[in-house]
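Understanding the architecture of this molecule
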Amino acid sequence: MNMRSLMLAVGTVVVLAVGGTLAFSPWNAPSLAQADTLAPAEDGRQVPESDAQVKLSFAPVVRAVAPSVVNVYATRIEQQAVSPFANDPFFSRFFGQGQFQSRPRQSQSLGSGVIVEASGVILTNRHVIEGATDVRIALSDGREYAVDIVIEDAQTDLAVLRVREPGGAAFPAIGFADSDALQVGDLVLAIGNPFGVGQTVTSGIVSALARTGVESSDYEFFIQTDAAINPGNSGGALVDLDGQLVGINTAIYSQTGGSVGIGFAIPANMARLVAEAGVSGGEIVRPWFGAKLQAVNADIAASLGMAAPHGALIAEVAPDGPADRAGFAAGDVILSVDGVAVDDPSAFNFRLATKPIGQATTLERLRGGVSEAVSFTVEAAPAAGADMVASIVGNSRFAGTSVRQLDAALAEAKGLPYDAEGVIVTAVQPGSPAEQMGLRVDDIILALNDMPMNTARAFADVANQRVRTWQIILQRDGRVTRSIVSG
């Protein structure tokens, strides 16, 4: 039951009330005559106009889409300490860690998933299956299948699964809607397996769009809904009344762990990109703009002569990156992507991430108080060549380590300056000498035995040497440390 909950320390809702009654004046409300004359929107949306319309049912939509929503069971093997004193520093100091052996313990989490391809491809949240040693799905008709994990994408918190042995079965796949067409107030249905009680359907509306600050993922641009979402709904479907997938249910705000009517879903336009990569068996290739962005606050907006704070301000441009070549500079403000306004850097990152590589886009730029359209061709981050990566094997203290030398794109992704030097650890083999030495993924090795590690080749040449001791200078979590270990 793994719905990601965002717990609020204080959850106070304030309403304006008079004498304990909600302050609402009939003078501010539309008359019945005005309500009767509300015209349908240009796209056909309209409010119910009769008792018959109010009594209409969601059942046809549910019948169509429910078979596409599955339960996801993820099994993990975790190490559990035998003694309750295993993590106590006092006992560990006097008795040693060897006195407190751990033993494996099997745990299981429950989530939901959505079938997106008839051959048996399922989309779910990454946090549902993260660290799992075995994953199974159960369909609404009771069939169960073992699945393989095809993609785990930490940047979007999405994962793609594939049925291991479909046996020639065709699975009921759901279609994707254009999530950009959603409007606040649209009716939606959430389908999943909350608390393991079985497949459950809840209804609500789109409460808000483009929500940010919800999760620590790279692409924060969530659909907010008041359709009840609870633990176990993670990875389930948020669908419109056409029976199309508009989002993947992901997180909730909650004081208790249960639904309080504030749920969040990853938009279908982002989910589709991850699903397509899983169907094709390829990698997710994302655009790289090549600039560091920041939000436009009221002070910045006033200094730039903007009527209101919105857009993404360019703080720094990567030398010879895509933004640099397109003529962008620090101080520019990006206002829209292909005519769709962006309110902040998260909105810009989302809009750009949903564009295909090689597509020509139009970015609206504010420079010197003048707004202008700039053509920008979407580019991928440069791939690491063979000379930019290295893996250490054999009889070496660093055996089991894989590294990549830093470039501007990787430095930006890791929150480093564009001119950062060193090699970054990309993998450490379990049980290897490198793991025993304490190296971790994302460690940046700056120097070995006073020799700068500016390239992967330099690291490979030095790390394979036989020496009695190693002096290692590395950066971890923003802190630079020096260590000495035996050879």
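Structure's up top.
All residue numbers refer to position in the chain's written sequence, counted from 1. For this predicted model, a pLDDT threshold of at least 70 governs which residues receive local features, and a threshold of 80 or more governs which side-chain atom pairs are given and counted, while totals over whole chains, interfaces and linings are taken from all residues. The basis for the side-chain values is all heavy atoms of the structure; hydrogens and waters are excluded.

1. Overview of the environment of Glu 165
- Every helix listed is a DSSP run of H or I at least four residues long, and every strand listed is a run of E at least two residues long, numbered separately from the N terminus. Among the secondary structure elements, Glu 165 is positioned in the loop between strand E9 (158-163) and strand E10 (187-192).
- For Glu 165, a relative accessible area of 65% translates into the label exposed.
- Glu 165 sits 17 residues away from Asp 148 along the chain, and the two C-alpha atoms are 9.7 Å apart. Buried, partly exposed and exposed residues are distinguished by accessible area as a fraction of the type maximum, computed with a 1.4 Å probe on protein chains only: under 20%, between the cut-offs, and over 50%, respectively.

2. Quick notes on the pairing of strand E12 (residues 222-225)
- Neither face of E12 is left uncovered, since the one carrying Phe 222 and Gln 224 and the one carrying Ile 223 and Thr 225 both have all their residues buried.
- Strand pairing requires that DSSP identify at least two bridges connecting the strands. Bridge count for E12 against strand E15 (residues 263-267) is 3 bridges, and the pairing is antiparallel. Across the sheet, Ile 223 pairs through a bridge with Ala 265, a residue of E15.

3. Things to note about the pattern of salt bridges
- Whenever a carboxyl oxygen of Asp or Glu lies within 4 Å of a side-chain nitrogen of Lys or Arg, that contact is scored as a salt bridge. Counting across every chain of the model gives 18 salt bridges.
- Here Arg 286 ties to Asp 153 by a salt bridge, and the two come within 2.1 Å at their closest N and O atoms. Pair noted here: Arg 286 is in the loop between helix H6 (268-280) and strand E16 (291-295) and Asp 153 is in strand E8 (residues 144-153), with a separation of 133 residues, a long-range link.
- A relative accessible area of 14% means that Arg 286 is categorised as buried.
- One salt bridge connects Lys 292 with Glu 316, and the closest N-O pair in it is separated by 4.0 Å. Placement of Lys 292 in strand E16 and of Glu 316 in strand E17 (residues 312-317) is noted, with a sequence separation of 24 residues between them.
- By relative accessible area, Lys 292 is classed as partly exposed at 22%.
- It is possible to trace a salt-bridge network through shared partners that takes in Asp 332, Arg 365, Arg 367 and Glu 372.

4. Some thoughts on the side chain of Thr 225
- Tracing the backbone shows Thr 225 in strand E12.
- Given the relative accessible area of 0%, Thr 225 is considered buried.
- From its side chain, Thr 225 meets the backbone oxygen of Ile 205 in a polar contact 2.9 Å long.
- Within the local environment of Thr 225, its side chain forms a polar contact with the backbone nitrogen of Ala 227, the two atoms lying 3.0 Å apart. Pairing of N or O atoms within 3.5 Å defines a polar contact, subject to two protein rules: one partner must be a possible hydrogen donor and the other a possible acceptor, and residues neighboring in sequence count only if both atoms are side-chain atoms.

Worth remembering: the numbers are spatial, not functional.
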